[in-house]
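One letter stands for each residue in the lines below.
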Amino acid sequence: MRLGRNLAAWLAVLFVAPRTPSRTPGFKALMLAHRNQALVALGVIVAAMILVDPLAPQVKAMPRWVINLFEDITDFGRSGWILIPIAGVVVWIAALMRPGLDHVSRAVLAAVVVRLGFVFVAVGLPGLVATIVKRWIGRVRPSELGPFAYQPLSWRAEWASLPSGHTVTAFAALVAIGAVWPALRPVLWIYALLIALSRVIVSAHFPSDVIAGAAFGAFGAVLVREWFASRRLGFSAAPDGTVRARPGPSLPRVLRALATATER
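Since the model is a prediction, treat every value here as computed from it, not as a measurement. (Residues numbered from 1 in each chain as written. Predicted model: local features only at pLDDT ≥ 70, side-chain atom pairs only at ≥ 80, totals over all residues. Heavy atoms only, no water.)

Colleague: An account of helix 7 (residues 165–180) is requested, with residue identities and associated values reported.
Modeller: For helix 7, with 16 residues, the first-to-last C-alpha span of 23 Å sits near the 22 Å given by 1.5 Å per residue. Burial runs high along helix 7: 14 of the 16 residues are buried. (Helix = DSSP H or I, 4+ residues; strand = E, 2+ residues; numbered from the N terminus. Expected span 1.5 Å × (residues − 1). Buried < 20%, exposed > 50% of the residue type's maximum accessible area, 1.4 Å probe, protein only.)

Next comes the structure, spelled out in structure tokens:
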């Protein structure tokens, strides 16, 4: 019962009205601010479709050991590798939070939940939307049909190539985790680029699919960050609208809070 109440209360916080005054630019302003970048991304995607995608079948000529290696790497682009552990930790903390827990420990654990919740939503939501969009578009995966075959509104996996879902997850994770823990960005860049490359090498996607996936995932995570910042959940906005992560508890403080919460 306590677990359910805690989870419901945390979820409800995401849907409260933005705090006033909110300095975040909002969805429309973000779209206008990134209009040029979106046009550039669209141009790159179209150019890749025309110039690079027809060459995609040539990756099959790569040494088998290279393809096998990237078949192992590409599995780590599944969102479950990120979402399931985060969900498990959040549920665990929700079970630990009890009325008798001291104020400091509750504040520390709440701060952890906010940050983990942000990463969960920022990775999971763009991935979910991309799963629907790619089936609306209905682009064929690399095959003998070539890169310009489409069956819009097809819900078959072989007609769900654009954008790459694995790449959406990887670049959403790059932006989301990097926003909370900036020191991890170099590793996250390597991870995201490897996942994107792997989707082409294993012949699951055309190059333009992974470019579209990267843009979709990154911008989706930015939108979720703005949502959290407008409610001052883990992020705050400067007077110029720049969003920054709010200072979080150190690892020793988190471990102490968990130790306190597990005491009976």
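Colleague: Describe the nonpolar core, naming the residues involved and giving the relevant values.
Modeller: A general trend in soluble globular proteins is that nonpolar side chains are found buried together. Grouped together as the largest cluster of nonpolar side chains are 52 residues, with contacts concentrated most on Leu109, Phe118, Val119, Val123 and Phe235. Beyond its immediate chain neighbours, meaning those up to four positions away, Phe235 contacts Phe118, Ala179, Val180, Arg225, Phe228, Ala229, Val243, Arg244, Ala245 and Arg246. (Core = buried A, V, L, I, M, F, W, Y, C linked by side-chain atoms within 4.5 Å. Contact = heavy atoms within 4.5 Å.)

Colleague: Tell me about the packing of helix 6 (residues 103–137) against helix 9 (residues 207–230), and please be specific about residues and values.
Modeller: Angle between the axes and distance between the axes are the two parameters that describe a pair of packed helices. Packing of helix 6 against helix 9 leaves a shortest axis separation of 9 Å and a crossing angle of 135 degrees. Here helix 6 lies oblique to helix 9, going by the angle between them. For helix 6 against helix 9, the interelement crossing comes out right-handed. Residues Val114, Gly117, Phe118, Val121, Ala122, Leu125, Pro126, Val129 and Ala130 of helix 6 lie in contact with helix 9, whose contacting residues are Phe216, Gly217, Gly220, Ala221, Val224, Arg225 and Phe228. Of the residues that constitute the contact of helix 6 with helix 9, the class distribution is 12 nonpolar, three polar and one charged. (Axes fitted to C-alpha atoms, helices over the stretch in contact; angles between N-to-C directions. Parallel < 35°, antiparallel > 145°, perpendicular 65-115°, else oblique. Left-handed = near helix turned anticlockwise from the far one by under 90°. Nonpolar A, V, L, I, M, F, W, Y, C, P; charged D, E, K, R; others polar.)

Colleague: Tell me about unusual backbone geometry, residues and numbers included.
Modeller: A cis geometry characterises the amide bond from Leu162 onward to Pro163, with omega recorded as 0 degrees. Among the structural elements, Pro163 can be located in the loop between helix 6 and helix 7. Unlike most non-glycine residues, Leu153 shows phi in positive territory, near 65 degrees. Within the element layout of this structure, Leu153 appears in the loop between helix 6 and helix 7. Even without a glycine there, the phi angle at Arg232 is positive, about 55 degrees. Tracing the backbone through its elements, the reader meets Arg232 in the loop between helix 9 and strand 1 (235–237). Taking the relative accessible area as the measure of exposure, Arg232 reaches 34% and is therefore partly exposed.

Colleague: A description of the pattern of salt bridges should follow, citing residues and the corresponding values.
Modeller: One pass over the full model with this rule turns up six salt bridges. Glu158 is the partner of Arg156 in a salt bridge, and the nearest nitrogen-oxygen pair spans 2.9 Å. In this structure, the salt-bridge partner of Arg225 is Glu226, at a minimum N-O distance of 3.0 Å. Here the salt bridges do not stand alone but share partners, grouping Asp53, Arg139 and Asp209 into one network. (Salt bridge = Lys/Arg side-chain N within 4 Å of Asp/Glu carboxyl O.)

Colleague: Describe empty space enclosed by the protein, with residues and values.
Modeller: Considering all chains together, one arrives at one cavity of 30 Å³ or more under this definition. Reported here for the largest cavity is a volume of approximately 30 Å³. Taken together, Ala56, Pro57, Val59, Lys60, Pro142, Val200, Ser203 and His205 make up the lining of the largest cavity. Class assignment of the residues belonging to the lining of the largest cavity gives a composition of five nonpolar, two polar and one charged. (1 Å grid on protein atoms, 1.4 Å probe; cavity = no way out; pocket = protein on both sides within 12 Å on 5 of 7 lines; lining within 4 Å. Points joined across faces, edges and corners; volume = space filled by probe spheres on them.)

Colleague: Requested: an account of the packing of helix 6 against helix 7, with residues and values cited.
Modeller: Relative to each other, helix 6 and helix 7 sit at 160 degrees, their axes nearing to 9 Å. Taken together, the axes of helix 6 and helix 7 lie roughly antiparallel to each other. Read as a crossing pair, helix 6 and helix 7 show a hand that is right-handed. Residue-level inspection shows Arg115, Phe118, Val119, Ala122, Val123, Pro126, Gly127, Ala130 and Lys134 of helix 6 in contact with helix 7, the latter providing Gly165, Val168, Thr169, Ala172, Ala173, Ala176, Ile177, Ala179 and Val180. Looking at the contact of helix 6 with helix 7, its residues break down into 13 nonpolar, three polar and two charged.

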